[in-house]
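Listed here are the chains, written in short residue letters.
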Amino acid sequence: SKHYAVFGHPVAHSLSPRIHAAFGKQAGIDLRYEAIDATHEAFFDALEAFAAAGGLGANVTLPLKESAFALSATTTERARRAGAVNTLVRLDGQWHGDNTDGAGLVRDLTQRHGLDLRQRRTLLIGAGGAARGIAPSLLDAGIGDLFIVNRTPERADALADALGQPGRVHPRYLADLPSLGEFSLLINATSAGRDGTLPRLPMSLLGPRSSAVDLSYGEAAIPFLAWARAHGAHEAIDGLGMLVEQAAESFALWHGVRPQTDEVYAQLRDRHA
Ligand code: ATR
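Residues numbered from 1 in each chain as written. Predicted model: local features only at pLDDT ≥ 70, side-chain atom pairs only at ≥ 80, totals over all residues.

- Identification of the protein chain as Shikimate dehydrogenase (NADP(+)) from Luteimonas marina is taken from an unreviewed UniProt entry.
- The record in UniProt for the protein chain states the following under Subunit (unreviewed entry): "Homodimer."
- One UniProt comment on the protein chain, placed under Pathway (unreviewed entry), says "Metabolic intermediate biosynthesis; chorismate biosynthesis; chorismate from D-erythrose 4-phosphate and phosphoenolpyruvate: step 4/7." (UniProt positions renumbered as here; feature names shortened; annotations may be inferred.)

Written out as structure tokens, the structure is:
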């Protein structure tokens, strides 16, 4: 059978093995997909060992996406814009890097949740790897102005610079939030929810047509989405659909078939309500 894996640290609770197994079954492709825990230090050797054992492709998650980018022999344009790789393809003895996170998010929001992203005034909270991974895709999807805030303001500035659209992308201080007005799309791309904290957010950011999106799912998504619901957001969407959609994009790269995602999504949703 064809051999794939997800690398991360920690990675034991990754849903990717389950998702790819379900896709494989659906497409009639005999594949094996495992989770391999690797620290930064161990990542390169672990990946080489995986390739030597016949590994044909890999997903890469926290905190290894930048390392995966650095070790890729070639990268796609969307990976370069994200500065990160979440999907590796083995070809001719080398790893080739792509990034399906942003496409996965946009697909989830537009197809599954039926959001029209065009011209949405957008607030991106966070400027780390996750934010950088999805911001270019949001811009490509036609959102309106993009405001970026981050606990460490220099990183918001750096991300805004890297996006290269100064007329459209605006770094701001967290302290500016009360004066920024209302947003129709708010995205939490911080890892703050993982330790139960959240930057202070004024309710003036939200209106009855606002969509709030957290890139994480499960416990980590609760603080931000609860805040949004409590203050009347139109919808509050976690990152589970994005996870399934980025997996589907990776699957398509490896196997040349785009899987149906609804069934897997529904199964996972039952367990991660
Ligand atoms: P990831 O790949 O999850 O984005 P990262 O690159 O370490 O990981 O970025 C984490 C993001 O969450 C950053 O935007 C970080 O803010 P800093 O740049 O100031 O570190 C943000 N973050 C993490 N914990 C936070 C907290 N308790 N409050 C506010 N922001 C937090």
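Digging into the sheet that holds strand 10 (residues 185-188)
- Taken together, 6 strands build an open sheet; the order of strands is 9-8-7-10-11-12 and the sheet is parallel. Across the chains shown, the open sheet's two edge strands, defined by having one partner strand only, are strand 9 (169-172) and strand 12 (235-237). Direction aside, neighbouring strands of the sheet carry axes that sit 15° apart on average. (Pairing = 2+ DSSP bridges. Helix = DSSP H or I, 4+ residues; strand = E, 2+ residues; numbered from the N terminus. Axes fitted to C-alpha atoms, helices over the stretch in contact; angles between N-to-C directions.)

Some details on the site of the ligand
- In the neighbourhood of the ligand, 16 residues make up the surrounding shell, with Gly 128, Gly 129, Arg 151, Thr 152 and Thr 190 lying closest.
- Looking at which element gives the most residues to the shell around the ligand, the answer is helix 6 (residues 129-140), with 3 residues.
- Of the residues belonging to the shell around the ligand, the class tally is 6 nonpolar, 8 polar and 2 charged. (Near = placed C-beta within 6 Å. Nonpolar A, V, L, I, M, F, W, Y, C, P; charged D, E, K, R; others polar.)

Here's the deal with the nonpolar core
- If you look at the biggest cluster of nonpolar residues, it comprises 79 residues, and the most contacted ones within it are Phe 7, Ala 58, Leu 124 and Ile 148.
- Broken down by element, the residue count for this core peaks at 8 residues, all from helix 9 (residues 240-255).
- Structurally, this core is a two-domain feature, drawing no fewer than three residues from each of domain 1 (2-99 + 244-271) and domain 2 (103-238).
- Not counting residues within four places of it along the chain, the set of residues in contact with Ile 148 comprises Leu 124, Ala 127, Ala 156, Leu 159, Ala 160, Val 169, Pro 171 and Arg 172. (Core = buried A, V, L, I, M, F, W, Y, C linked by C-beta atoms within 7 Å. Buried ≥ 20, exposed ≤ 12 C-beta atoms within 10 Å, placed from the backbone. Domains from an automatic or database assignment. Contact = placed C-beta atoms within 7 Å.)

Quick word on the sheet that holds strand 4 (residues 74-75)
- Taken in spatial order, the 6 strands of this open sheet run 2-1-3-5-6-4, and their pairing is mixed. At either end of the open sheet lies a strand with only one pairing partner, and these are strand 2 (31-37) and strand 4.
- Where strand 5 (residues 87-91) meets strand 6 (residues 94-98), 5 bridges bridge the pair, whose relative direction is antiparallel. Paired with Thr 87 across the bridge in strand 6 is Asp 98.
- Along the sheet face, helix 1 (residues 16-27) touches strand 1 (2-8), strand 2 and strand 3 (55-60) and points at about 170° away from the line of strand 2.
- The strands touched by helix 9 within the sheet are strand 1, strand 3, strand 5 and strand 6, with strand 5 carrying the most contacts at an inclination of about 5°.

Notes on the domain arrangement of the protein chain
- As assigned here, the protein chain comprises domain 1 (2-99 + 244-271) and domain 2 (103-238).
- Domain 1 puts 11 residues into the contact, and the matching count from domain 2 is 8 residues.
- When residues of the side of domain 1 that touches domain 2 are traced back to their parent elements, those giving at least two are helix 3 (65-71), helix 4 (77-82) and helix 9.
- Of the residues that constitute the side of domain 1 that touches domain 2, the class distribution is 2 nonpolar, 3 polar and 6 charged.

Considerations on the pairing of strand 8 (residues 146-149)
- Where burial is concerned, the two faces of strand 8 agree: the one with Leu 146 and Ile 148 and the one with Phe 147 and Val 149 are both buried.
- Alignment of strand 7 (residues 122-125) against strand 8, held across 4 bridges, turns out to be parallel. Its bridge partner being in strand 8, Leu 123 is matched across the sheet by Phe 147.
- Note that the unit made of strand 7, helix 6 and strand 8 has a crossover that is right-handed.
- One ladder, built from 4 bridges, connects strand 8 with strand 9; its direction is parallel. By the bridge assignment for strand 9, Leu 146 is matched with Val 169.
- For the crossover that starts at strand 8, traverses helix 7 (residues 153-163) and ends in the parallel strand 9, the hand is right-handed. (Right-handed = clockwise from strand over helix to strand, strands pointing away.)

Section: the UniProt feature "domain: Quinate/shikimate 5-dehydrogenase/glutamyl-tRNA reductase" (unreviewed entry) in the protein chain
- Taken from the UniProt record, the annotation "domain: Quinate/shikimate 5-dehydrogenase/glutamyl-tRNA reductase" (unreviewed entry) applies to residues 111-192.
- For the annotated span residues 111-192, helix accounts for 30% and strand for 20% of the residues, and the straight-line distance between the end C-alpha atoms is 28 Å.

A closer look at helix 1
- Taking 1.5 Å of rise per residue, 12 residues should cover 16 Å, and helix 1 covers 16 Å from first to last C-alpha, within 8% of that figure.
- Every buried residue of helix 1 is accounted for by Ser 16, Ile 19, His 20, Ala 22, Phe 23 and Gly 24.
- Buried positions along helix 1 lie against strand 1, strand 2, strand 3, helix 9 and helix 10 (262-271).
- Phi for Gly 28, located one or two positions after helix 1, is positive at around 70°. (Expected span 1.5 Å × (residues − 1).)

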